Amino acid sequence: MTAATTARRSRITPERAAELYEAVLDLLREVGYDALTMDAVAARTRSSKATLYRQWGGKAELVAKAVRHSKPGGSADEVDTGSLRGDLHAIVLRSDDCEMEQSSALMRGLAMAVHGNPDLLQAFREHLIEPEMAEFRRILHRAVARGEVRADSPAMDYIVHMMVGAFAARTLIDEQPPTQAFLLSYIDAVVLPALGAPTA
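First things first, this report covers the structure right here in the doc. Remember, predicted model here, so these are calculated numbers, not experimental data.

**Describing the overall build of the protein**
- Across its full length, the protein carries ten helices and zero strands.
- The N-to-C order of helical and strand elements in the protein reads α-α-α-α-α-α-α-α-α-α.
- Across its three principal axes, the protein shows a C-alpha extent of roughly 55 × 45 × 30 Å.
- Relative to its full complement of 200 residues, the protein shows a buried share of 38%.
- Long-range contacts, defined here as pairs at least 24 residues apart, represent 68% of the contacts in the protein between residues at least 6 apart.
- Of the roughly 10900 Å² of accessible surface on the protein, 55% is carried by carbon and sulfur atoms.
- Of the side-chain charges in the protein, 23 are positive and 27 negative, and the distance between the mean point of each set is 6 Å.

If you want it as structure tokens, here you go:
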């Protein structure tokens, strides 16, 4: 990327980008991904469509980055409680129950769209899935270094599947939104035992 391109793509301030992301999420909840248009985003945010395309390239990247922005902040380097259980609990506690319910509803709405739109799937992989997996890998590597988890534990490759599965299945199976209490108990009952890690 050239310096001119970087300058062009950097005109929107972080505060303005946050406003745009909130508007995108509101529109997603109202109409869904397929019916969401860049025209609607431009109108809702009083932006020019050209500015949106210049900054985000298209709808898929804008939506993926909006969803990423809505996730509680902090990286794995900031979540270091000294134990794997503490780290996983800290990740869950970033979001309160209300935020989890909103995220769950949003992700259910996007699930079908992701698999029907290759551009959206690619954007989700780049901006959500890969960063999430990298965060969990860093946390697990620290747990291995501390001697809490064996480096050859077969469950290590499935931690993201376990966490995302619990989040999604809570509504599907129990007809209830995911909550802090549910996910914390799931970590202690399922994730940590699968990894052979201490549960207390």
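On we go.
**Notes on the packing of aromatic side chains**
- Per the counting criterion, the structure on display carries two aromatic pairs.
- On the basis of an interplanar angle of 65° and a centroid distance of 5.7 Å, the ring pair of Tyr21 and Trp56 is categorised as edge-to-face. Of this pair, Tyr21 sits in helix α2 (residues 14-31) while Trp56 sits in helix α4 (residues 49-56), and the two are 35 residues apart along the sequence.
- The class for Tyr21 is buried, based on a relative accessible area of 11%.
- Across from the ring centre of Tyr33, 4.2 Å away, lies the NZ or CZ of Lys59, which sits over that ring.

**As for the environment of Ala35**
- The residue Ala35 is located in the loop between α2 and α3 (38-45) in this model.
- Take Ala35: its relative accessible area is 46%, and that puts it in the partly exposed class.
- Here the alpha-carbon distance between Ala35 and Gly165, two residues 130 residues apart in the chain, equals 27 Å.

**Re the nonpolar core**
- Leu28, Val63, Leu110, Leu120 and Phe124 are the most contacted members of the largest nonpolar core, which totals 29 residues.
- When contributions to this core are tallied by element, the ones reaching two or more residues are α2, α3, α4, α5 (59-70), α7 (97-116) and α8 (118-146).
- If near-sequence neighbours (up to four positions away) are discounted, Leu110 is found in contact with Leu28, Tyr33, Val63, Val67, Leu120 and Phe124.
- Ranked by size, the runner-up nonpolar core spans 27 residues in total, among them Val79, Ala166, Phe182 and Val191.

**Considering helix α10 (residues 180-195)**
- Taking 1.5 Å of rise per residue, 16 residues should cover 22 Å, and α10 covers 21 Å from first to last C-alpha, within 8% of that figure.
- On its buried face, α10 sits against α6 (84-92), α7, α8 and α9 (159-174).
- At the C-terminal side of α10, Gly196 shows a positive phi close to 70°.

**So, unusual backbone geometry**
- Even without being glycine, Arg46 reaches a positive phi, approximately 55°.
- Among the secondary structure elements, Arg46 is positioned in the loop between α3 and α4.
- Owing to a relative accessible area of 78%, Arg46 belongs among the exposed residues under this scheme.
- Of note in this structure, Glu175 is not a glycine but carries a positive phi near 55°.
- Looking at where Glu175 falls in the secondary structure, it is placed in the loop between α9 and α10.
- The exposed category is assigned to Glu175, whose relative accessible area is 70%.

The rules behind these values
- Residues numbered from 1 in each chain as written.
- Predicted model: local features only at pLDDT ≥ 70, side-chain atom pairs only at ≥ 80, totals over all residues.
- Heavy atoms only, no water.
- Helix = DSSP H or I, 4+ residues; strand = E, 2+ residues; numbered from the N terminus.
- Buried < 20%, exposed > 50% of the residue type's maximum accessible area, 1.4 Å probe, protein only.
- Contact = heavy atoms within 4.5 Å.
- Areas by Shrake-Rupley, 256 points an atom, 1.4 Å probe, with all protein chains shown as cover.
- Lys, Arg positive; Asp, Glu negative; His and termini not counted.
- Charge placed at Lys NZ, Arg CZ, Asp CG, Glu CD.
- Phe/Tyr/Trp six-rings, centres within 6.5 Å; stacked < 30°, edge-to-face > 60°.
- Lys NZ or Arg CZ within 6 Å of the ring centre and 35° of its normal.
- Core = buried A, V, L, I, M, F, W, Y, C linked by side-chain atoms within 4.5 Å.
- Expected span 1.5 Å × (residues − 1).

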